Structures are given as structure tokens and as C-alpha cells.
Amino acid sequence: MTVALATLTFLVAAWAAVTVLLVALDDSGVKILAALKGQSSLAREPLPVRQVTVRFSARPARKALTVPAQVEWRAAA
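Below, the structure is looked at part by part. Computed from a predicted model, the values in this text were never measured in an experiment. (Residues numbered from 1 in each chain as written. Predicted model: local features only at pLDDT ≥ 70, side-chain atom pairs only at ≥ 80, totals over all residues. Heavy atoms only, no water.)

**Comments concerning the overall build of the protein**
Now for step 1: The helix and strand tally for the protein stands at 4 helices and 0 strands.
Now for step 2: Beginning at the N terminus, the succession of helices and strands in the protein can be written as α-α-α-α.
Now for step 3: By the burial criterion, 3% of the 77 residues in the protein qualify as buried.
Now for step 4: Element-wise, carbon and sulfur atoms account for 67% of the exposed surface of the protein, whose accessible area totals about 8,300 Å². (Helix = DSSP H or I, 4+ residues; strand = E, 2+ residues; numbered from the N terminus. Buried < 20%, exposed > 50% of the residue type's maximum accessible area, 1.4 Å probe, protein only. Areas by Shrake-Rupley, 256 points an atom, 1.4 Å probe, with all protein chains shown as cover.)

**Considering a nonpolar patch on the surface**
Now for step 1: Residues Leu 21, Leu 25, Ile 32, Leu 33 and Leu 36 make up a contiguous nonpolar surface patch of about 490 Å² in total accessible area.
Now for step 2: Per-element accounting of the nonpolar patch gives the leading share, 3 residues, to helix α2 (residues 29-36).
Now for step 3: Secondary-structure assignment places Ile 32 in helix α2.
Now for step 4: With a relative accessible area of 39%, Ile 32 lands in the partly exposed category. (Patch = residues over 30% accessible without salt bridge, like charges linked within 9 Å, V, L, I, M, F, W, Y side chains within 5 Å. Salt bridge = Lys/Arg side-chain N within 4 Å of Asp/Glu carboxyl O.)

**A short note on helix α1 (residues 2-24)**
Now for step 1: Taking 1.5 Å of rise per residue, the 23 residues of α1 would be expected to cover 33 Å, and the 33 Å separating its terminal C-alpha atoms lies within 8% of that figure.
Now for step 2: Across the 23 residues of α1, 0 count as buried, placing the element largely on the outside. (Expected span 1.5 Å × (residues − 1).)

Next up, the structure:
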């Protein structure tokens, strides 16, 4: 009798867990499935803003200056 009661309790708990999981994933389930397939749900929807073009120019890098070591500096180190 104990085994039957334990089995029934387990089945009710499993059913409740699956029900709660399905309710929780109801809204985001489509997005999760699309992500698992490698598709983006955002790519299907048009962007609400227009794209902005940014122009820039890279600055030339500064060259490092080499300073010759002096005898006084070597003695201090």
C-alpha cells in the first residue's frame, strides 16, 4: 500500500511540476524554441528606430620615445 501511495504522490507532483512549467514558458516558449533553432525572434520584427551611421577616423598612434639610460639612473636602481 505504501508503494502505491508513493507512486501516486510522485505522479501528482510530476503532473503539477509540468503544469507549472508549461504555464511559465507559455509566453517565452516561442522565443526559446527559436533560439534553440539558431533563429532570432528580433530579426523577424522591424526595428522601431532608424539606423544611425557613425563616422570616425582613427588617430595615428604616438611613437614611444626611447630615453638612453644614464649612469646616475643605473646606480639609483
